[in-house]
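# Geometric and topological summary
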Amino acid sequence: KVVLFDVFFPEHENAANDMRFAEANRRAGNVVLAAAIHFKGDEPVSITRSLPEIERGAAGIGLINQMPDEDGVMRRIPLLIEKDGVQFASLGLMAAKLALGEGKIVAEDFDIVLGERRIPVGDGHQMWINYAGGPGIYPRYSFADIAMGRVPAAELKGKILLKIDVQGYERQ
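Residues numbered from 1 in each chain as written. Predicted model: local features only at pLDDT ≥ 70, side-chain atom pairs only at ≥ 80, totals over all residues. Heavy atoms only, no water.

Right, let's get into the overall build of the protein. In terms of helices and strands, the protein carries five helices and twelve strands. On C-alpha atoms alone, the protein measures out to a radius of gyration of 17 Å, which is about the 16 Å that the 2.2 N^0.38 rule sets for 172 residues. In terms of its C-alpha atoms, the protein occupies a principal-axis envelope of roughly 45 × 35 × 35 Å. Put simply, the protein has 172 residues, and 31% of those count as buried. (Helix = DSSP H or I, 4+ residues; strand = E, 2+ residues; numbered from the N terminus. Rg over C-alpha atoms; globule rule 2.2 N^0.38 Å. Buried < 20%, exposed > 50% of the residue type's maximum accessible area, 1.4 Å probe, protein only.)

Moving on, we get to the sheet that holds strand E10 (residues 117–120). A sheet is described by the order of its strands in space; here three strands give the open sequence E8-E9-E10, paired in antiparallel fashion. Each edge of the open sheet carries a strand with a single partner, namely strand E8 (105–107) and E10. Strand after strand, the sheet turns through a mean of 20 degrees between neighbouring axes, direction not considered. Against the sheet, helix H3 (residues 91–100) engages E8, strand E9 (111–114) and E10, with an angle of about 30 degrees to E9. (Pairing = 2+ DSSP bridges. Axes fitted to C-alpha atoms, helices over the stretch in contact; angles between N-to-C directions. Contact = heavy atoms within 4.5 Å.)

To continue, consider H3. Along H3, the residues that are buried comprise Leu91, Leu93, Met94, Ala95, Lys97 and Ala99. Once H3 finishes, Gly101 follows within two positions and takes phi at roughly 70 degrees, a positive value.

One pass over the full model with this rule turns up three aromatic pairs. On the basis of an interplanar angle of 90 degrees and a centroid distance of 5.7 Å, the ring pair of Phe5 and Phe21 is categorised as edge-to-face. In this pair, Phe5 is assigned in strand E1 (residues 2–5) and Phe21 in helix H1 (residues 15–28), connecting sequence segments 16 residues apart. Residue Phe21 is classed as partly exposed on the basis of its relative accessible area of 22%. Pairing Phe9 with Phe21 gives two aromatic rings, centres 4.8 Å apart and planes at 55 degrees, and the pair type is tilted. (Phe/Tyr/Trp six-rings, centres within 6.5 Å; stacked < 30°, edge-to-face > 60°.)

Attention now moves to the pairing of E1. Judged from the four bridges that link them, E1 and strand E12 (residues 160–163) form a sheet pairing that is parallel. The residue bridging Val3 from the neighbouring strand is Leu161, located in E12.

In this section: the pattern of salt bridges. What the rule picks out here adds up to eleven salt bridges. Between Glu55 and Arg49 there is a salt bridge; the shortest N-O distance is 2.8 Å. Its relative accessible area of 13% is what places Glu55 among the buried residues. Of the residues examined, Arg49 reaches a relative accessible area of 31% and is grouped as partly exposed. The salt bridge partner of Arg118 is Glu108, with a shortest N-O separation of 2.2 Å. With Arg118 in strand E10 and Glu108 in the loop between E8 and E9, this pair connects stretches of sequence that are ten residues apart. When its relative accessible area of 31% is taken as the criterion, Glu108 is described as partly exposed. Overlapping salt bridges bring together Asp69, Asp71, Arg75 and Arg76 as one network. (Salt bridge = Lys/Arg side-chain N within 4 Å of Asp/Glu carboxyl O.)

Below you can see the structure in the form of structure tokens.
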């Protein structure tokens with residue numbers, strides 16, 4: 001249903017590959033690319049995004065900002081962040097928007113409205129995280145296995161796929 005990239009594509013590999021990737025994203029029609037807003041104190045000062053020609057092929061852009069509490073624990077996630085008068089949705093909110101076929105995200109004081117759904121939020125449009133379970137609760141597939149056809153299409157049909165860069169992450 002939706003393909004999410006939790007990585008940036010800010011540099012050219014080469015023009016031909018960049019255009020092929022952008023065109024593949026456009027044809028799929030369900031690809032969301034990552035972006036991150038950088039802050040100085042509480043003020044958004046810059047944004048990291050993919051190359052404009054790659055973004056043009058995507059169905060959307062979603063923020064991957066994390067704002068841990070003072071003790072380092074992630075308890076909330078910002079669903080919307082405003083920069084220069086533009087509201088950017090989180091990667092997860094963009095996934096829900098596309099998967100549900102909704103056209104508009106509406107920010108209210110204590111809710112984010114997505115179609116007929118209302119998502120309760122607090123200050124800064126932050127949603128409390130309801131951790132559904134421990135490691136392994138969701139199936140994981142190697143990108144190489146998917147690309148090589150070793151994962152049956154039926155396993156992926158109707159699902160939201162999240163592609164993350166695991167380099168540097170410690171496996172559990």
